[in-house]
Amino acid sequence: MPREEEEHQRIEKMFQKDWEEHRKTMEELEKKHQKEMEEIRKEREEIRKETEEIRKETDKVRKETDEVRKETEERRKEREEHEKRMEELIKETEELRKENKEREKRMMEECNREKEELDKEEEKGEYKGGREEHERRMEEWRKKIEELKRIVSEL
């Protein structure tokens, strides 16, 4: 039986050796697996951090974009209001020019009538209210002409 026992011991040694190799391989695989899992965990954490940074930056850009959009809209409204006011001012200016032209025309007609009347008095030598009154009326006429020139120059 010693031979069988030797064989048995040899087989047991082989088994022990194989088992020890298997155990070592398994430990190495487990360590490798843990190391890989740790690397994956670190990568995931890094990706999570990057994702959060991207999200923050995206939110910041979105907020800035909204602010710029609001400012742009406000400027557009201001510009439209300004353009509307300018149109109103142009209309008012045109109305004032028209009124001034009409006023100028009326004043010119009145001045021409007065001048004709004064010229006729001088031709005839007959002055309504006397010579002094005639001179006073001539002076008023000159003032009206000066006023008329001033109004025309403002147009």
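Scroll up a little and you will see the structure.
Residues numbered from 1 in each chain as written. Predicted model: local features only at pLDDT ≥ 70, side-chain atom pairs only at ≥ 80, totals over all residues. Heavy atoms only, no water.

Asks: Talk me through the overall build of the protein chain; I want residue IDs and the actual numbers.
Replies: Looking only at helices and strands, the protein chain features 2 helices and 0 strands. Against the globule reference of 15 Å for 155 residues, the protein chain gives a C-alpha radius of gyration of 55 Å, more extended than a compact globule. Taking the principal axes of the C-alpha coordinates as reference, the protein chain spans close to 180 × 20 × 15 Å. Per-residue burial over the protein chain gives 8% buried out of 155 residues. Carbon and sulfur atoms form 50% of the exposed surface of the protein chain, whose accessible area is close to 14,600 Å². Counting 47 positive and 58 negative side-chain charges, the protein chain places the centres of these two groups 1 Å from one another. (Helix = DSSP H or I, 4+ residues; strand = E, 2+ residues; numbered from the N terminus. Rg over C-alpha atoms; globule rule 2.2 N^0.38 Å. Buried < 20%, exposed > 50% of the residue type's maximum accessible area, 1.4 Å probe, protein only. Areas by Shrake-Rupley, 256 points an atom, 1.4 Å probe, with all protein chains shown as cover. Lys, Arg positive; Asp, Glu negative; His and termini not counted. Charge placed at Lys NZ, Arg CZ, Asp CG, Glu CD.)

Asks: Any chance you could break down the pattern of salt bridges for me, citing the residues and the numbers?
Replies: Going through the model one piece at a time under the given rule, you end up with 18 salt bridges. Measuring nitrogen to oxygen at the nearest pair gives 2.7 Å for the salt bridge that ties R48 to E45. Here R48 pairs with E45, and both are found in helix α1 (residues 2-124), just 3 residues apart, close to one helical turn. Residue R48 is classed as partly exposed on the basis of its relative accessible area, which comes to 46%. Its relative accessible area of 29% is what places E45 among the partly exposed residues. Taken together, the salt bridges that share partners define one network made up of E20, R23 and E27. (Salt bridge = Lys/Arg side-chain N within 4 Å of Asp/Glu carboxyl O.)

Asks: Residue-level account of the environment of R103, with values.
Replies: Here R103 is to be found in helix α1. For the pair R103 and V152, spaced 49 residues apart in sequence, the C-alpha separation works out to 9.9 Å. Ignoring any residue separated from it by four or fewer positions in sequence, one finds R103 in contact with E147 and I151. (Contact = heavy atoms within 4.5 Å.)

Asks: For the nonpolar core, give the residues involved together with the corresponding values.
Replies: Ranked by size, the top nonpolar core spans 5 residues in total: C111, L118, M138, W141 and I145. Mapped onto this core, the elements with two or more residues apiece are α1 and α2 (130-154). Broken down by element, the residue count for this core peaks at 3 residues, all from α2. Not counting residues within four places of it along the chain, the set of residues in contact with L118 comprises H134, R137, M138 and W141. (Core = buried A, V, L, I, M, F, W, Y, C linked by side-chain atoms within 4.5 Å.)

Asks: Hey, could you go over the environment of E92 for me, with residue numbers and the actual values?
Replies: By the element assignment, E92 lies in helix α1. Residue classification places E92 among the partly exposed positions, given a relative accessible area of 39%. Separated by 11 residues in sequence, E92 and E81 have C-alpha atoms that sit 16 Å apart.

The values reported here are purely geometric and, on their own, carry no functional implication.
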